[in-house]
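# Descriptive analysis of the structure
This is what each chain is made of:
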Amino acid sequence: METVLTTHFANEQYRHADTYLQFGGYEALRKALAGPRERIVDEVKKANLRGRGGAGFPAGVKWGFLPKDLSRPRVLVINADEGEPGTFKDRQIMGKAPHLLLEGIAIASYAMSIHLSYIYIRGEFIREARIVEEAVAEAYARGFFGKNILGSGFDLEVSVHRGAGAYICGEETSLINSLEGKRGWPRIKPPFPASVGAFGLPTIVNNVETIADVPWIVTHGGEKFAALGVEKNGGTRLIGVSGPVNRPGVYELPAGVLLREIIYTHAGGLKDGRQLKAVIPGGSSTPVLRPDEIDVTYDIESMAKIGTMAGSGGVIVIPEGTCMVRALHVLMNFYAHESCGQCTPCREGTGWLSKIVGRIENGQGREGDLELVLDVCDNMMGRTICPLADAAVMPAQSFLWKFRDEFEYHIKVQKCPFGNKF
Amino acid sequence: MSVAFSDAARSELERIRSRYPDREAAILPALHLAQREFGYVSDEAIVYLADLLGFAPARIEGVATFYTMYNRKPVGKYHVQICRNISCSLLGAEHLIEHVSKKLGVRPGETTPDGKFTLTAVECLGSCGTAPVMQVNDDYHESLTEEKIDALLDRLP
Ligand SMILES: Cc1cc2nc3c(=O)[nH]c(=O)nc-3n(C[C@H](O)[C@H](O)[C@H](O)COP(=O)(O)O)c2cc1C
Ligand code: SF4
Ligand code: FES
């Protein structure tokens, strides 16, 4: 199977520039710098490269939102905040192949006439931040960053900025505030970052994986990348599988792979012969699926058709024997903890959801609680500055819709039939 | 008690400042530095940074309190942070937190009387494929079992 990103992940030396260069590293940058900027944007458009951070926005289209006027400098910010529960892929890229990201940054910056770039890495990834910083220093030392890159006349400054523990900073406008030294409060849009972003400058925010795909696209052409995936969703994806499966981990697979195959073939199926009860397919915010819904290809459009999302590529496998009320309670605690508190529906709503689901789980659910949960959801969805409120609502609604009898049973017998613990 | 950066930290801060078009952007990195230098972000550290960076202390404090990684109170020599989110929970994280809690004699959020350990239950650490996961100071420990945790914690000086 053709791989774009993981080809040399097993090689421990690949994170160093010398080894990366031995395998043809930075040739794509050389090729890009030798041609016109528009050609790169065209190839990325042809590649059908969709953002890998969760929303799946076409990268080439996003790049086109930058103002034509070049008099104001612009900024490229790499989103390496990786906070969505179930997602652990960008850490792999940074730890094992940081130069893929750095080469992608150089090419994307050139394509967009950007001379300033920041890599925003979540605070807990101390090891990965160190590896990326070392790689950045190597890239400077070899003339891939800095002034007059490879004699092309193109300049680019790149630095690492570390977060400090806040899921919300993965949201792009929160991330921009955090980069600027502020609290990570999301901003009201418009203006969109492409017109007013970091330091008041036009800014593009892209996920680590999105940008790490760019060198391959330049080397092999957009069409070839597109052909690895399906119609509107080009390339491969790094898919993380977690939960009680035989081989949890990150797999690079074509975007059109079946969800069933991801779980049963690649991740080796469930441990100890356990049966599948549910799947959260694309990170904790994405609507849950029942076992009879997993014969779906893992591309953005197909997942949307069945009412869920491939999101950030984190497949969470839930086995039979798990209490779905408890699982939802864990998720609702998380969103309540991470709401930044700016919008009342989100601040209050996430708190309510965690409280109500918690009391149902603990055998104190009241008649009408399920309607109350759905009502709270309705009052949150689409009514806030950023999509964190929606991110809490999607699991809440889908758990209730698809596993309603389990919630009702808790309320009726006033205790958890599964014994309160995972 | 007043605090001050070492010469090394001061020059690191200068390097950091040169990377941003705006001096405010140095606040997060400066807080990381302060935590490394002083162990935690004390009130004195906030006043010191405010002075050094040229902002009101309230501005620095507002940032410091927003982010979970800046410790506003002293923490133990080892900060044991165990993930309690979904993938880790599915593989027994709740039992592990209880186990460590019993072993150390503290509840999540507390520090042992000898100041050696602080236990915290945290949200997803971004390492769900090797769940259950914990972070002890700068290092991740993955695919945990009670035995692994015991061996690790018993070994710490
Ligand atoms: C609450 C919230 C958390 C997010 N967390 C992340 C994250 O950790 N990493 C990421 O790349 N995108 C995250 N996003 C999506 C970003 O806002 C943004 O869409 C993305 O970085 C754009 O990059 P892409 O187009 O390359 O995907 C998050 C969005 C929301 C609403
Ligand atoms: S939706 Fe929630 S997280 Fe997003 S800005 Fe509003 S309060 Fe903050
Ligand atoms: S859920 Fe524990 S590391 Fe992600």
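Residues numbered from 1 in each chain as written. Chains lettered and ligands numbered in written order. Predicted model: local features only at pLDDT ≥ 70, side-chain atom pairs only at ≥ 80, totals over all residues. Heavy atoms only, no water.

### Topic: the interface of chain B and chain A
The following threshold applies: Whether two residues are in contact is decided by their heavy atoms, any of which lying within 4.5 Å being enough. What counts as buried area is the accessible surface, traced by a 1.4 Å probe, that two parts surrender upon association, with contributions from both included. The term salt bridge refers to a side-chain nitrogen of Lys or Arg lying within 4 Å of a carboxyl oxygen of Asp or Glu.
Between chain B and chain A, the residue contacts involve 38 residues of the former and 59 residues of the latter. Taken together, both faces of the contact between chain B and chain A bury some 3,800 Å²; the carbon and sulfur share is 60%. At the surface where chain B touches chain A, the tally comes to four salt bridges. A salt bridge links Lys182 of chain A to Glu24 of chain B; the shortest N-O distance between them is 3.9 Å.

### Quick look at the site of ligand 2
Residue and element names in this part refer to chain A. Rule in force here: Here a residue is near a molecule or strand as soon as one of its heavy atoms is found within 4 Å of it. Both cavities and pockets are sets of points on a 1 Å grid over the protein atoms alone; in a cavity a 1.4 Å probe fits but cannot get out, in a pocket the set is open with protein on both sides within 12 Å along at least five of seven lines, and lining residues sit with an atom within 4 Å of a point. Occupancy of a cavity or pocket is assigned to a molecule whenever over half of its atoms lie within 2 Å of that pocket's grid points. Note on residue categories: nonpolar means Ala, Val, Leu, Ile, Met, Phe, Trp, Tyr, Cys or Pro, charged means Asp, Glu, Lys or Arg, and polar means any other residue, Gly included.
As a matter of local geometry, ligand 2 sits amid 13 residues, with Cys340, Gln342, Cys343, Cys346 and Cys386 nearest to it. Its atoms largely coinciding with the cavity grid, ligand 2 occupies the largest cavity. Residue composition of the shell around ligand 2, by class: nine nonpolar, four polar and no charged.

### Observations regarding the nonpolar core
The following threshold applies: Each nonpolar core is a collection of buried residues, namely Ala, Val, Leu, Ile, Met, Phe, Trp, Tyr and Cys, held together in the definition by side-chain atoms within 4.5 Å. Exposure is judged per residue with a 1.4 Å probe applied to protein chains only, and the accessible area is read against the type maximum: over 50% gives exposed, under 20% gives buried, and values in between give partly exposed. Strands here mean DSSP runs of E at least two residues long; helices mean DSSP runs of H or I at least four residues long; both are numbered from the N terminus.
With 89 residues, the main nonpolar core has Phe399 of chain A together with Phe5, Leu31, Leu49, Ile60 and Tyr67 of chain B as its most contacted residues. By residue number, the principal contributor to this core is helix α14 (residues 324-338) of chain A, which donates nine residues. Contacts of Leu49 of chain B, omitting those with residues within four sequence positions, involve Phe5, Ala30, Leu31, Ala34, Gly54 and Ile60 of chain B. Residues Leu66, Ile105, Phe154 and Val214 of chain A belong to the second largest nonpolar core, which totals 74 residues.

### Let's talk about unusual backbone geometry
The step from Pro190 of chain A to Pro191 of chain A runs through a cis peptide bond, and the omega angle for that step is 0 degrees. When you line up the elements, Pro191 of chain A lands in the loop between α8 (172-179) and β4 (203-207). Here the bond from Ala131 of chain B into Pro132 of chain B is cis, since omega is -10 degrees, no more than 30 degrees from zero. Here Pro132 of chain B lies in the loop between β2 (117-122) and β3 (134-136). If you check the backbone angles, Asn148 of chain A has positive phi at about 50 degrees while not being a glycine. You can see Asn148 of chain A is positioned in the loop between α7 (126-141) and β3 (157-162). Residue classification places Asn148 of chain A among the partly exposed positions, given a relative accessible area of 40%.

### Re the confidence of the model for chain B
Put simply, the rule reads: Residue-level confidence of the predictor is summarised by pLDDT, bounded by 0 at the bottom and 100 at the top.
Residues at a pLDDT of 70 or more form 99% of chain B, whose mean pLDDT is 97. We note a pTM of 0.98 for the whole complex and an ipTM of 0.98 for its interfaces.

### Some words on the packing of helix α1 (residues 7-17) of chain B against helix α3 (residues 43-53) of chain B
Residue and element names in this part refer to chain B. Cut-off, in case you're wondering: Between N-to-C directions, angles cover 0 to 180 degrees, with each direction set by a line fitted to C-alpha atoms, over the stretch in contact for helices. Our angle categories are set so that under 35 degrees counts as roughly parallel, over 145 as roughly antiparallel, 65 to 115 as roughly perpendicular, and the remainder as oblique. What makes a crossing left-handed is the near helix being turned counterclockwise from the far one by less than a right angle; a clockwise turn instead makes it right-handed.
With their axes 13 Å apart at the nearest point, α1 and α3 run at an angle of 50 degrees to one another. Judged by the inter-axis angle, α1 sits oblique to α3. Crossing hand, α1 versus α3: right-handed. Each of Arg10, Leu13 and Arg17 in α1 lies in contact with α3, whose residues at this interface are Tyr48, Leu52 and Leu53. The class makeup of the residues in the contact of α1 with α3 is four nonpolar, no polar and two charged.

### Describing the domain arrangement of chain A
Residue and element names in this part refer to chain A. Using the following cut-off: The domain limits used here are those given by an automatic or database domain assignment. In protein, a polar contact means a hydrogen-donor-capable atom and an acceptor-capable atom, both N or O and within 3.5 Å, with residues adjacent in sequence counting only if both atoms are side-chain atoms; elsewhere, any N or O pair within 3.5 Å suffices.
With domains assigned, chain A is organised as domain 1 (12-227), domain 2 (238-319) and domain 3 (324-413). Between the C-alpha centres of domain 2 and domain 3 the distance comes to 23 Å. Counting residues at the interface gives twelve residues for domain 2 and twelve residues for domain 3. For the pairing of domain 2 and domain 3, the buried interface totals around 1,000 Å² over both sides, and the portion due to carbon and sulfur atoms is 67%. Broken down residue by residue, the surface that domain 2 buries against domain 3 is led by Lys277, Ser285 and Val288, which jointly contribute 45%. On inspection of domain 2 and its partner domain 3, the count reaches two salt bridges. Scanning the region where domain 2 abuts domain 3 turns up six residue pairs in polar contact (both at pLDDT 80 or more). When residues of the side of domain 2 that touches domain 3 are assigned to their parent elements, the largest contribution, three residues, is made by strand β7 (residues 276-280). Its residues placed into classes, the side of domain 2 that touches domain 3 shows seven nonpolar, two polar and three charged.

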